[in-house]
Amino acid sequence: MVDALRRAHRMMTLDGIVVDLHPTASASAIEVGEQVTGHVDAADAQRRHAAADAALAAVLETGLFVVEQVVAFTFYTYGDTIDELRDYIEENWRNARVDETTVSRTRDALSRAPGVRPRSRERIVVTTLRRA
């Protein structure tokens, strides 16, 4: 990521901006309403997201960019069922899975919450950078 940001710096116009958007290093949760029923096992995701934070910090230390704005938000992905949500995560997230214990707990929570859909919860950080 450090090399990509350096290349972006060389290619951008003087008034251009770079937008970095990535999940935080915290584990993504599976929820029913406000109840956490488990977490997504995303293999090396926490390490990769922490590395992205470190790479951004390293590039900022070089003085190539200044931070214009940082915004954190929560991103939810909903499924109609826990099976649908599990399948989506396993098909679309890198090396991610939802274990059977989480699936079972989510089914139990859904049985007590009619009309509520299961969701995953991720924290995302958007950083806007300008040339220094």
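Structure's up top.
What you are looking at is a predicted structure, and each value in this text was computed from that prediction instead of being measured.

### Describing the layout of surface pockets
Here the largest pocket defines a volume of roughly 250 Å³. Looking at the largest pocket, it is lined by 17 residues, and the ones nearest its centre are Ser 28, Ala 42, Ala 45, Gln 46 and His 49. Of the residues in the lining of the largest pocket, the class split is seven nonpolar, five polar and five charged.

### Focus on the environment of Glu 34
Relative to the elements of secondary structure, Glu 34 occurs in the loop between strand S2 (29-32) and strand S3 (35-39). With a relative accessible area of 70%, Glu 34 lands in the exposed category. Spatially, the C-alpha atom of Glu 34 lies 23 Å from that of Glu 90, the residues being 56 residues apart in sequence. Within the structure, Glu 34 has its side chain in polar contact with the side chain of Arg 119 (distance 3.4 Å).

### Looking at the side chain of His 49
Along the chain, His 49 turns up in helix H2 (residues 45-62). Setting aside residues no more than four positions away along its own chain, His 49 makes contact with His 22, Pro 23, Thr 24 and Ala 25.

### Focus on the packing of aromatic side chains
The description of two aromatic rings rests on the distance between their centres and on the angle between their planes. Using the criterion set out here, one finds one aromatic pair in the structure. On the basis of an interplanar angle of 45° and a centroid distance of 6.2 Å, the ring pair of Tyr 76 and Tyr 78 is categorised as tilted. Classification of Tyr 78 by relative accessible area gives partly exposed; the value is 40%.

### Quick notes on H2
For H2, with 18 residues, the first-to-last C-alpha span of 26 Å sits near the 26 Å given by 1.5 Å per residue. Residues Ala 45, His 49, Ala 52, Ala 55, Leu 56 and Val 59 constitute the buried set of H2. Taken end-on, H2 shows its buried residues confined to a sector of 110°, consistent with a single buried face. Exposed and facing more than 90 degrees away from the buried side of H2 are Arg 47 and Glu 61. Gly 63 occupies a position one or two residues after H2 and carries a positive phi of about 85°.

### Details of the pairing of S2
Going residue by residue along S2, you find Ala 29 and Glu 31 tucked away on one face and Ile 30 and Val 32 tucked away on the opposite face as well. One ladder, built from four bridges, connects S2 with S3; its direction is antiparallel. Residue Val 32 lies in a different strand from S3, and its bridge partner there is Gln 35. Between S2 and the antiparallel strand that follows it, S3, lie two residues; Gly 33 among them carries a positive phi value of about 65°. Alignment of S2 against strand S5 (residues 118-131), held across four bridges, turns out to be antiparallel. Counterpart to Glu 31 in the pairing with S5 is Arg 119.

Reading the values: rules and limits
- Residues numbered from 1 in each chain as written.
- Predicted model: local features only at pLDDT ≥ 70, side-chain atom pairs only at ≥ 80, totals over all residues.
- Heavy atoms only, no water.
- 1 Å grid on protein atoms, 1.4 Å probe; cavity = no way out; pocket = protein on both sides within 12 Å on 5 of 7 lines; lining within 4 Å.
- Points joined across faces, edges and corners; volume = space filled by probe spheres on them.
- Nonpolar A, V, L, I, M, F, W, Y, C, P; charged D, E, K, R; others polar.
- Helix = DSSP H or I, 4+ residues; strand = E, 2+ residues; numbered from the N terminus.
- Buried < 20%, exposed > 50% of the residue type's maximum accessible area, 1.4 Å probe, protein only.
- Polar contact = N/O pair within 3.5 Å; in protein donor to acceptor, adjacent residues only side chain to side chain.
- Contact = heavy atoms within 4.5 Å.
- Phe/Tyr/Trp six-rings, centres within 6.5 Å; stacked < 30°, edge-to-face > 60°.
- Expected span 1.5 Å × (residues − 1).
- Arc of directions from axis to C-beta.
- Pairing = 2+ DSSP bridges.

So, to be careful, I would describe these as geometric facts and stop short of saying anything about function.
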